[in-house]
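What the coordinates show
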Amino acid sequence: MSTVALGDDLGIENSTELKTRLAPLVDQEGDLTLDASQVGRIHTAAMQVLCAFVDARRQAGHATGFDGCTSTFRDAARLLGLTQALGLDANHDNLKSVENAA
């Protein structure tokens with residue numbers, strides 16, 4: 001199993017770099033874990049990249065999981081309705097880390 005750290009800033013300006021970094025891993029054999037333990041900022045564009053990546057790996061028959069997800073990461077996934085697509089549980093209700101959660 002391999003682990004890839006997502007870093008702390010997944011803002012829109014970093015989405016292209018995230019896609020470039022993950023693209024070679026789509027066909028990597030075996031389980032892959034994305035370490036979201038440092039994510040402090042995330043934009044919808046980064047979530048789209050992650051969903052496309054997880055889906056592409058799933059279609060290729062490879063498992064992808066997340067580890068150490070921060071509340072910022074989980075809240076963004078939940079607010080965007082992506083917990084199932086990313087394979088995250090939806091048992092997290094803290095909205096403190098999300099700007100304009102209303």
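Here, every reference points to the structure presented above.
Residues numbered from 1 in each chain as written. Predicted model: local features only at pLDDT ≥ 70, side-chain atom pairs only at ≥ 80, totals over all residues. Heavy atoms only, no water.

Notes on the overall build of the chain
If you tally the helices and strands in the chain, you get four helices and five strands. For the chain, the α and β elements follow one another from N to C terminus as β-β-α-β-β-α-β-α-α. Expressed as a percentage of its 102 residues, the buried residues of the chain come to 37%. When the accessible surface of the chain is totalled, it reaches about 5,700 Å², and 47% of it is carbon and sulfur. (Helix = DSSP H or I, 4+ residues; strand = E, 2+ residues; numbered from the N terminus. Buried < 20%, exposed > 50% of the residue type's maximum accessible area, 1.4 Å probe, protein only. Areas by Shrake-Rupley, 256 points an atom, 1.4 Å probe, with all protein chains shown as cover.)

Observations regarding the pattern of salt bridges
Enumeration over the complete set of coordinates arrives at five salt bridges. In this structure, D9 and R41 form a salt bridge, with 2.8 Å as the shortest nitrogen-oxygen distance. Residue D9 is located in strand β2 (residues 9–10), and its partner R41 is located in strand β4 (residues 41–42); the two are separated by 32 residues in the primary sequence. Across the pair R78 and D75 runs a salt bridge whose closest N-O atoms are separated by 3.8 Å. Taken together, the residues span about one helical turn, with R78 and D75 both in helix α3 (residues 71–79) at a distance of three residues. With a relative accessible area of 25%, R78 lands in the partly exposed category. By relative accessible area, D75 is classed as buried at 0%. (Salt bridge = Lys/Arg side-chain N within 4 Å of Asp/Glu carboxyl O.)

A word on the sheet that holds strand β5 (residues 64–67)
Strand order in the open sheet made by the three strands is β1-β3-β5, with parallel pairing throughout. Where the open sheet ends on each side, the last strands, each with one partner, are β1 (2–5) and β5. Across the sheet, the mean angle separating the axes of adjacent strands is 30 degrees when strand polarity is ignored. Pairing of strand β3 (residues 32–35) with β5, which is carried by four bridges, proceeds in the parallel orientation. (Pairing = 2+ DSSP bridges. Axes fitted to C-alpha atoms, helices over the stretch in contact; angles between N-to-C directions.)

Let's talk about the pairing of β3
Bridging between β1 and β3 involves four bridges; their strand directions are parallel. Bridge pairing in β3 links V4 to L34.

Observations regarding the nonpolar core
Soluble, globular proteins show a tendency: their nonpolar side chains are buried together. With 27 residues, the main nonpolar core has L6, L22, L34, L50, F66, F73 and L86 as its most contacted residues. If one sorts the elements of this core by residue count, helix α2 (residues 44–59) sits on top with seven residues. (Core = buried A, V, L, I, M, F, W, Y, C linked by side-chain atoms within 4.5 Å.)

Comments concerning the side chain of R57
Tracing the sequence through the fold places R57 in helix α2. For the buried R57, which has no salt bridge, the nearest side chain bearing the opposite charge is D31, at an N-O separation of 5.9 Å. At 2.8 Å, the side chain of R57 and the backbone oxygen of L25 are in polar contact. When residues no more than four places from it in sequence are discounted, the contact partners of R57 are L25, V26, Q28, G30, D31, L32, H62, A63 and T64. (Lys, Arg positive; Asp, Glu negative; His and termini not counted. Polar contact = N/O pair within 3.5 Å; in protein donor to acceptor, adjacent residues only side chain to side chain. Contact = heavy atoms within 4.5 Å.)

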